[in-house]
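Architecture and fold: a report
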Amino acid sequence: MKKYWISSFSGLILAIILVGCGAQGATGEVESLSPDEMRSHIEENDTAFILLNNTEDKEDRTEKIELVEDKINSISVKEINAKSPEMLDNNLKPEDLGLKSIQFETLGFYEDGKLKDYVSLRSVDFPSEDSKEKALQEFIDNNAS
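First, a word on what this report is: a plain description of the structure on this page. (Residues numbered from 1 in each chain as written. Predicted model: local features only at pLDDT ≥ 70, side-chain atom pairs only at ≥ 80, totals over all residues. Heavy atoms only, no water.)

When its secondary structure is counted, the chain shows 5 helices and 5 strands. Along the chain, helices (α) and strands (β) appear in the sequence α-β-α-β-α-β-α-β-β-α when read from the amino end. Burial statistics for the chain: of 145 residues in total, 35% are counted as buried. Accessible surface, the chain: about 9,000 Å² in total, of which carbon and sulfur atoms supply 50%. (Helix = DSSP H or I, 4+ residues; strand = E, 2+ residues; numbered from the N terminus. Buried < 20%, exposed > 50% of the residue type's maximum accessible area, 1.4 Å probe, protein only. Areas by Shrake-Rupley, 256 points an atom, 1.4 Å probe, with all protein chains shown as cover.)

Leu 51, Val 68, Val 77, Leu 107 and Leu 136 are the most contacted members of the largest nonpolar core, which totals 17 residues. Of all the elements in the fold, those that place two or more residues in this core are strand S2 (47-53), helix H3 (58-71), strand S4 (106-111) and helix H5 (129-143). When neighbours within four sequence positions are excluded, Leu 107 is seen to be in contact with Phe 49, Ile 50, Leu 51, Val 68, Val 77, Asp 117, Tyr 118, Val 119, Leu 121, Leu 136, Phe 139 and Ile 140. Counting residues in each nonpolar core, the second largest holds 13 residues, with Met 38, Ile 50, Met 87 and Ile 102 among its members. (Core = buried A, V, L, I, M, F, W, Y, C linked by side-chain atoms within 4.5 Å. Contact = heavy atoms within 4.5 Å.)

A few words now on the packing of H3 against H5. Two numbers describe how H3 lies on H5: the axes approach to 10 Å, and their chain directions differ by 55 degrees. Put simply, H3 runs oblique to H5. Considering only the axes of H3 and H5, their crossing is right-handed. Counting all contacts with H3, which are made through Leu 67, Val 68 and Lys 71, the residues of H5 involved are Lys 132, Glu 133, Leu 136, Gln 137 and Ile 140. Per-class residue counts for the contact of H3 with H5 are 4 nonpolar, 1 polar and 3 charged. (Axes fitted to C-alpha atoms, helices over the stretch in contact; angles between N-to-C directions. Parallel < 35°, antiparallel > 145°, perpendicular 65-115°, else oblique. Left-handed = near helix turned anticlockwise from the far one by under 90°. Nonpolar A, V, L, I, M, F, W, Y, C, P; charged D, E, K, R; others polar.)

As a general point, the strands of a sheet are linked pairwise by backbone hydrogen bonds and lie either parallel or antiparallel. The 5 strands lie next to each other as S1-S3-S2-S4-S5, forming an open sheet whose pairing is mixed. In this open sheet, the two edge strands, each paired with only one partner strand, are strand S1 (30-32) and strand S5 (114-120). For this sheet the average axis-to-axis angle between neighbouring strands, irrespective of direction, equals 30 degrees. The sheet contacts of H3 involve S1, S2, strand S3 (77-81) and S4, and relative to S2 the element is tilted by about 150 degrees. (Pairing = 2+ DSSP bridges.)

Under the defined criterion, the tally for this structure stands at 2 aromatic pairs. Ring centres of Phe 49 and Phe 109 lie 4.9 Å apart, and the angle between their planes is 50 degrees; this geometry places the pair in the tilted category. Here Phe 109 lies in strand S4 and Phe 49 lies in strand S2, a separation of 60 residues in the sequence. You'll find Phe 49 and Phe 109 in the same group, each marked buried. Between Phe 49 and Phe 139, the ring centres sit 6.1 Å apart and the planes meet at 90 degrees, which makes this aromatic pair edge-to-face. One end of the pair, Phe 49, is in strand S2; the other, Phe 139, is in helix H5, and 90 residues separate them in sequence. (Phe/Tyr/Trp six-rings, centres within 6.5 Å; stacked < 30°, edge-to-face > 60°.)

To continue, consider the environment of Asn 73. In this fold, Asn 73 is placed in the loop between H3 and S3. When the C-alpha positions of Asn 73 and Gly 28 are compared, they lie 4.3 Å apart, and in sequence the two are 45 residues distant.

Tallied over the entire structure, the rule returns 9 salt bridges. Here Glu 31 and Lys 78 are joined by a salt bridge, their closest N and O atoms 2.6 Å apart. Taken as a pair, Glu 31 in strand S1 and Lys 78 in strand S3 lie far apart in primary sequence, 47 residues in all. Residue classification places Lys 78 among the buried residues on the basis of a relative accessible area of 11%. For Arg 122, the salt bridge identified is with Asp 125, shortest N-O distance 2.9 Å. In this structure Asp 125 comes out as partly exposed when scored by relative accessible area, which is 39%. One salt-bridge network, held together by shared partners, links Asp 60, Lys 64 and Glu 105. (Salt bridge = Lys/Arg side-chain N within 4 Å of Asp/Glu carboxyl O.)

Purely geometric numbers; function is a separate question.
Below is the structure:
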């Protein structure tokens, strides 16, 4: 009987941990999408945060994703890289996915399929990394409500 209770208790603890991890996975992180997934996401959602990368440099792409992940807590951000093999092989542009008016290397906020606001993530657009991080945080605070 004692083994039964220990097994049940262990199972309950494991379930709580897995549920907690699953809840964290839904928000507060950047999810990279394929072109078809991005097109569907824009069409099916009233609002969307989209990170548009444009690099073949894996380190640069990862740096921008991590910068955004460090600032978001309760929102979901979708990412696509315009220089991914899927985009290049199919000669796709962001506009083909429903991403109109967005610039490369930015985090944009879409409402009803239209770009409402965006913030640059290019270092050349800011006098310092600190000012870039502040602009990103302000953008998220203003649009995540």
